[in-house]
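# Notes for the structure review
Each chain is listed here by its residues.
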Amino acid sequence: MNDNRARLLALAEKYGCRLFINGHEHNGRYPVGQAGPMADVNCGTVTAETGGGAFAIVEIGDDQALFHVYSRAEVDADGRLTASPRRLFTRTIPLGSAR
């Protein structure tokens, strides 16, 4: 817990924020945790267990978010696409009730 995180959590509590999305993390496990009043999710990683990093697309609803994780596209040495991104898994993130 550092000063910036403490300020972020205080603002989330004050304004009723229920979801925090971070776009870059060196953690391949795609954590979905609780950070005070918010669900805390990582939507991009460079050290994914998938071997080459991945990204996520989040669909946000009133009481839940769907967290779809995809592999990166693969390209050869000349920059030609050799494999398109593929969905690795989907996770449901409960958001609690709106204020």
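Up top you'll find the structure we're talking about.
A brief look at the structure comes next. Fair warning: this is a prediction, and the values are worked out from it, not measured in the lab.

## Digging into the nonpolar core
In terms of nonpolar packing, the biggest core is built from 11 residues, these being L19, A39, V41, C43, A54, A56, A65, F67, V69, I93 and L95. Elements supplying a minimum of two residues to this core: strand 3 (38-42), strand 5 (54-60) and strand 6 (64-71). Examining the composition of this core, we find that 3 residues originate from one element, strand 6, more than from any other.

## Some details on the pattern of salt bridges
Any two side chains of opposite charge can pair, on the condition that their charged atoms come close. A full pass over the atoms with the stated rule returns 2 salt bridges. Residue R80 pairs with D76 through a salt bridge whose shortest N-O separation is 3.1 Å. Across the pair R80 and D78 runs a salt bridge, and its minimum N-O distance is 3.1 Å. The residues R80 and D78 share a single accessibility class, namely exposed. Put simply, D76, D78 and R80 are held in one network by salt bridges that share partners.

## Details of the environment of A73
Mapping A73 onto the fold places it in the loop between strand 6 and strand 7 (74-75). Take A73: its relative accessible area is 40%, and that puts it in the partly exposed class. Residues A73 and A83 lie 10 residues apart in sequence; the distance between their C-alpha atoms is 5.6 Å. Setting aside anything within four residues of it in sequence, one finds A73 in contact with L81, A83, S84 and P85.

The rules behind each value
Residues numbered from 1 in each chain as written. Predicted model: local features only at pLDDT ≥ 70, side-chain atom pairs only at ≥ 80, totals over all residues. Heavy atoms only, no water. Core = buried A, V, L, I, M, F, W, Y, C linked by side-chain atoms within 4.5 Å. Buried < 20%, exposed > 50% of the residue type's maximum accessible area, 1.4 Å probe, protein only. Helix = DSSP H or I, 4+ residues; strand = E, 2+ residues; numbered from the N terminus. Salt bridge = Lys/Arg side-chain N within 4 Å of Asp/Glu carboxyl O. Contact = heavy atoms within 4.5 Å.

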